[in-house]
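# Observations on the model geometry
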Amino acid sequence: MADESGPGRVRQLRLVVEADDLEAAVAFYRDVLGMPEQESYDGDEGARVVILDAGRATLELSNPAQVRFIDRVETDGGRSDRLRVALEVDDAAAVADDLVGAGAELEASARETPWRSVNARLRGPAGLQLTLFQELDER
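Please read these numbers as outputs of a predicted model, since none were measured by experiment.

Mapped onto the elements, isoleucine 70 comes out in helix 2 (residues 64-74). The spacing of isoleucine 70 and threonine 113 is 43 residues in sequence and 8.9 Å in space, taken between C-alpha atoms. With residues up to four places along the chain from it excluded, the contact list for isoleucine 70 reads Glu60, Ser62, Thr75, Arg84, Trp115 and Arg121.

Now the structure itself:
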């Protein structure tokens, strides 16, 4: 178990995603989902990066049996990608509706899980599989 008394050696988790249509991806994640732009840079030959603030980051590691269990609970038979982005929101069903309205593909509608959260699964720009989760109990 990690020492909870102080910070670890890692200061930030940054997920780096190649987006063929960067402007559409930025509009979706920044403007629709509401992840504020933290910084952006332009480089030679049209190179561009936009870094969005996603709040607190964690790394969730699951074995195959847990992934199968999650898929049974969160979907109607869908399968998780090897890498999936899970985002905590205040209202998973409402945010899922907003994202579908902005072009995301709904993979599984919002539903309560055994671990007391409401989860929805979508496919967003840049091919990212997204889980939106809403905690029902205070942590």
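Residue placement: arginine 48 occurs in strand 2 (residues 48-52). Spatially, the C-alpha atoms of arginine 48 and serine 80 are 29 Å apart, while their sequence positions differ by 32 residues. Setting aside chain neighbours within four positions, we find arginine 48 in contact with Leu22, Glu23, Ser40, Tyr41 and Asp42. At 3.5 Å, the side chain of arginine 48 forms a polar contact with the side chain of aspartate 42.

Time to look at a negative patch on the surface. On the surface, Glu88, Asp90, Asp91, Asp97 and Asp98 cluster together into a negatively charged patch. Residue position: aspartate 97 is located in helix 3 (residues 92-101). The exposed category is assigned to aspartate 97, whose relative accessible area is 59%.

Taken together, the buried positions of helix 3 are Ala92, Val95, Ala96 and Leu99. All buried residues of helix 3 lie within an arc of 105° about the axis, which places them on one face of the element. Exposed residues lying more than 90 degrees from the buried face of helix 3 are Asp97 and Gly101. On its buried face, helix 3 sits against helix 1 (22-32), strand 5 (117-123) and strand 6 (129-135). By the N-cap criterion, in which a side-chain oxygen at the helix start approaches the backbone nitrogen of a residue two or three places on, helix 3 is capped by aspartate 91, the distance to alanine 93 being 3.3 Å. Looking one or two residues beyond helix 3, the residue adopting positive phi is glycine 103, at roughly 110°.

Reading the values: the criteria
- Residues numbered from 1 in each chain as written.
- Predicted model: local features only at pLDDT ≥ 70, side-chain atom pairs only at ≥ 80, totals over all residues.
- Heavy atoms only, no water.
- Helix = DSSP H or I, 4+ residues; strand = E, 2+ residues; numbered from the N terminus.
- Contact = heavy atoms within 4.5 Å.
- Polar contact = N/O pair within 3.5 Å; in protein donor to acceptor, adjacent residues only side chain to side chain.
- Patch = residues over 30% accessible without salt bridge, like charges linked within 9 Å, V, L, I, M, F, W, Y side chains within 5 Å.
- Areas by Shrake-Rupley, 256 points an atom, 1.4 Å probe, with all protein chains shown as cover.
- Salt bridge = Lys/Arg side-chain N within 4 Å of Asp/Glu carboxyl O.
- Lys, Arg positive; Asp, Glu negative; His and termini not counted.
- Charge placed at Lys NZ, Arg CZ, Asp CG, Glu CD.
- Buried < 20%, exposed > 50% of the residue type's maximum accessible area, 1.4 Å probe, protein only.
- Arc of directions from axis to C-beta.

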